[in-house]
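Coordinate analysis (summary)
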Amino acid sequence: MTDTLFARIDAARDDLIALTQDLVRLPTLNPPGALYHDICAYLERRLAASGFDCQMIRATGAPGDSDRYPRWNVIARRVGTRPGECVHFNSHIDVVEVGRGWTYDPFGAVLDGDRIYGRGTCDMKGGLAASIIAAECFIAEHPDYAGAIEISGTADEETGGYGGVAHLAQLGFFSPDRVQHVIIPEPLNKDRICLGHRGAWWAEIETKGEIAHGSMPFLGDCAVRHMGAVMRTFEDRLFPALTTRETAMPVTPEAARQSTLNINSIHGGEAELEDFTGLPAPNVPDSCRMVIDRRFLVEEAYDEVRGEVIAMLDDLKANRPRFDYTIRDINRIDPSMTPQEAPIVTTVAAAIQDVLGAAPAYVASPGSYDQKHIDRIGRLKNCIAYGPGVLELAHKPDEWVGVTDMLDSTKVMARSLETLLLPAS
């Protein structure tokens, strides 16, 4: 292994900055899924120039895919001079809405000191750029490497990844006979290795009522009041129960080691019409809908998680007059956890020690990311998240990524390629 590899990476600092800025200046907002083809075409041009064979793949028919907003992905592969294993770097190309409170142009990619500001800098276009520079510098230093290197830019991670990694996994791109090691450069901090994530169950609960004139509510049945009873039951029974459950997974932040429930949205009554400035009609609402986001632990069974909520709703139905409900499952994600002794974990850990001079921390994510599809669909267990950026900056105003952090993470990724694709000395 050569220290001249690190010198190459330091010399590529300006290229790393410019690549990150180019990616951030493409506002690939999801929803709706804008400019996916543009960013995939940009990555295809860049990687083809570095000797990669590239494919652009549309996830036709996936959730969110349409002719107006097609779900495009790019996957690039560069094969070495002799047989060996494949190392795959997977990054999502979509970013979340901008939100309020910015003091920098969200898509200006302004370099201010050691930081590049903009939506997606941290989550995760800085990591995507770092993986590209790592691969290019490794190839320039070791053109006779074994095996293969892959880099993918995939759609829709922020909304479940079904038009991205899930689609590619179903096509076999993450099968263990094709790919052996996967690094997802999510922003988990440059000195930490993320082994996996908690599970998630999303569902919509609807309480039923009967419409009537608002001046005579006794003639109707208020669905919002019934939803209030659901909320009260959750407050009195479910939330206290969740605080008693804790995982052995190293989830960060520490408060996320408990089971959690988020009330994602509530809407009752007539629909709110866009651009309507009149008064609402005086009606008793006959429907109220609530979306819940239940994060569960590897120690909890999905059927028990779902059954706990249904049991509380059934109890209300049995004891509250006129209470009725329906429940609709929206999404299910099972927990995922790569063993600490897995090859990709030990390789990246040694690289972090080499680059940063300290052993890494091992963490798990409070939310899910695309490891879930690589694990469950691809059946590939040797997968981690590792990349530059501060996790707490993701989705925040004035999101940024540090240039020094990107350079250090690039060195970790490149050193890992040396370990996995060069013969032992």
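Every chain's residues receive numbers from 1 upward, in the order its sequence appears when written. Totals for whole chains, interfaces and linings use every residue, but because this is a predicted model, local features are given only for residues with pLDDT of at least 70 and side-chain atom pairs only at 80 or more, for both listing and counting. Derived side-chain values reflect all non-hydrogen atoms in the structure, with water molecules and hydrogen atoms excluded from consideration.

**Quick look at unusual backbone geometry**
For the bond from Pro 31 to Pro 32, the omega torsion is 10 degrees, close enough to zero to count as cis. Following Thr 252, the chain continues into Pro 253 via a peptide bond in cis, with omega recorded as -5 degrees. Topologically, Pro 253 is positioned in the loop between helix H6 (223–242) and strand E10 (260–268). Here the phi dihedral of Ala 109 falls at roughly 55 degrees; this positive angle occurs in a residue that is not glycine. A run of H or I in DSSP becomes a helix once it reaches four residues, and a run of E becomes a strand once it reaches two; helices and strands are each numbered from the N terminus. Of note, Ala 109 is situated in the loop between strand E3 (82–92) and strand E4 (110–112).

**Observations regarding the packing of helix H1 (residues 4–11) against helix H4 (residues 121–141)**
Orientation is described by axes fitted as lines to C-alpha atoms, over the contacting stretch for helices, and by angles from 0 to 180 degrees between their N-to-C directions. In the contact formed by H1 and H4, the axes pass within 9 Å of each other and the chain directions differ by 135 degrees. Considering their axes alone, H1 and H4 lie oblique with respect to each other. Considering how the two elements wind past one another, H1 and H4 form a crossing that is right-handed. Note on element contacts: H4 touches H1 through Cys 137, Phe 138, Ala 140 and Glu 141, opposite Thr 4, Leu 5, Arg 8 and Ile 9. All amino acids are sorted into three groups, where Ala, Val, Leu, Ile, Met, Phe, Trp, Tyr, Cys and Pro are nonpolar, Asp, Glu, Lys and Arg are charged, and the leftover types, Gly among them, are polar. For the contact of H1 with H4, the per-class residue count stands at 5 nonpolar, 1 polar and 2 charged. Here is the rule for angles: anything less than 35 degrees is roughly parallel, anything more than 145 is roughly antiparallel, 65 through 115 is roughly perpendicular, and the remaining ranges are oblique. When the near helix sits turned anticlockwise from the far one by under a right angle, the crossing is termed left-handed; a clockwise turn instead gives a right-handed crossing. Throughout, a residue-residue contact means that at least one pair of heavy atoms, one from each residue, lies within 4.5 Å.

**A short note on the sheet that holds strand E5 (residues 115–117)**
Overall, antiparallel pairing links the 3 strands, which are arranged E4-E5-E16 in an open sheet. Every other strand in the sheet has two partners, leaving E4 and strand E16 (400–402) as the edge strands with one partner each. Each strand of the sheet is rotated relative to its neighbour by a mean of 25 degrees, with strand direction disregarded. Bridge analysis of E4 against E5 gives 3 bridges, and the strand direction is antiparallel. From the neighbouring strand, Asp 112 faces E5, where its bridge partner is Arg 115. Across the face of the sheet, H4 comes into contact with E5 and E16 while running at roughly 40 degrees to E16. We treat two strands as partners when DSSP finds at least two bridges between them.

**Side note on the nonpolar core**
Definition of nonpolar core: a set of buried residues of the types Ala, Val, Leu, Ile, Met, Phe, Trp, Tyr and Cys, connected through side-chain atoms within 4.5 Å. Exposed residues in this analysis have more than 50% of their type's maximum accessible area, buried residues have under 20%, and partly exposed residues fall in between, with area computed by a 1.4 Å probe over protein chains only. One finds Leu 43, Ile 149, Val 348 and Ile 384 to be the most contacted residues of the largest nonpolar core, which totals 63 residues. A per-element tally of this core places H4 first, with 10 residues. Here Val 348 is in contact with Ile 183, Ile 193, Ile 384, Tyr 386, Val 412 and Ser 416, once residues within four sequence places are set aside.

**Observations regarding the environment of Thr 28**
By the secondary structure assignment, Thr 28 is in the loop between helix H2 (13–24) and helix H3 (36–49). Along the primary structure Thr 28 and Arg 100 are separated by 72 residues, whereas in three dimensions their C-alpha atoms are 18 Å apart.

**With respect to the pattern of salt bridges**
Here, a salt bridge means any side-chain nitrogen of Lys or Arg that lies within 4 Å of a carboxyl oxygen of Asp or Glu. Enumeration over the complete set of coordinates arrives at 29 salt bridges. A salt bridge links Arg 322 to Glu 210; the shortest N-O distance between them is 2.8 Å. Of this pair, Arg 322 sits in the loop between helix H7 (302–319) and strand E12 (325–333) while Glu 210 sits in the loop between strand E9 (199–208) and H6, placing them 112 residues apart in sequence. Residue Glu 300 pairs with Arg 294 through a salt bridge whose shortest N-O separation is 2.9 Å. Here the salt bridges do not stand alone but share partners, grouping Asp 3, Asp 354, Arg 415 and Glu 418 into one network.

**Looking at the sheet that holds strand E11 (residues 287–296)**
The strand order E10-E11-E9-E12 describes an open sheet built from 4 strands, whose pairing is antiparallel. The open sheet has two free edges, formed respectively by E10 and E12, since each of these has just one partner strand. Across this sheet, the average inter-strand angle for adjacent strands is 15 degrees, counted without regard to direction. Bridge count for E9 against E12 is 8 bridges, and the pairing is antiparallel. Across the sheet, the residue bridging to Thr 207 is Tyr 325, located in E12. Contacting E9, E10 and E11, H6 crosses the sheet at an angle of about 15 degrees to E11. Helix-sheet contacts for H7 involve E9, E11 and E12, and the interaxial angle to E12 is about 165 degrees.

**As for the side chain of Lys 372**
Mapped onto the fold, Lys 372 is located in helix H9 (residues 371–376). In contact with Lys 372, not counting residues within four places along its chain, are Gly 160, His 197, Ile 333 and Ile 377.

**Section: H1**
Residues of H1 that are buried include every one of Leu 5, Phe 6 and Ile 9, and no others. Taken down its axis, H1 places every buried residue within 95 degrees of arc, on the same side. Looking at the packing, one finds that the buried side of H1 touches H2, H4, helix H8 (343–356) and helix H10 (403–421). The directions from the helix axis to the C-beta atoms are what the arc is built from.

**Examining the side chain of Ser 336**
The topology assignment puts Ser 336 in strand E13 (residues 336–337). Judged by its relative accessible area of 3%, Ser 336 is buried. Whenever two N or O atoms come within 3.5 Å, that pair is a polar contact, provided that in protein one can donate a hydrogen and the other can accept it, and provided that, for residues adjacent in sequence, both atoms are side-chain atoms. A polar contact is formed between the side chain of Ser 336 and the side chain of Gln 371, at a distance of 3.3 Å. With near-sequence residues (within four places) excluded, Ser 336 lies in contact with Leu 195, Gly 196, His 197, Met 249, Gln 371, Asp 375 and Arg 376.

**Re the environment of Val 390**
As for its placement among the helices and strands, Val 390 is situated in the loop between strand E15 (383–385) and E16. On the basis of relative accessibility, which here comes to 27%, the residue Val 390 falls in the partly exposed class. Taking the C-alpha atoms as reference points, Val 390 and Pro 187, separated by 203 residues in sequence, lie 5.7 Å from one another. The contact partners of Val 390, leaving out residues within four places of it in the chain, are Cys 122, Pro 187, Asn 189 and Trp 400.

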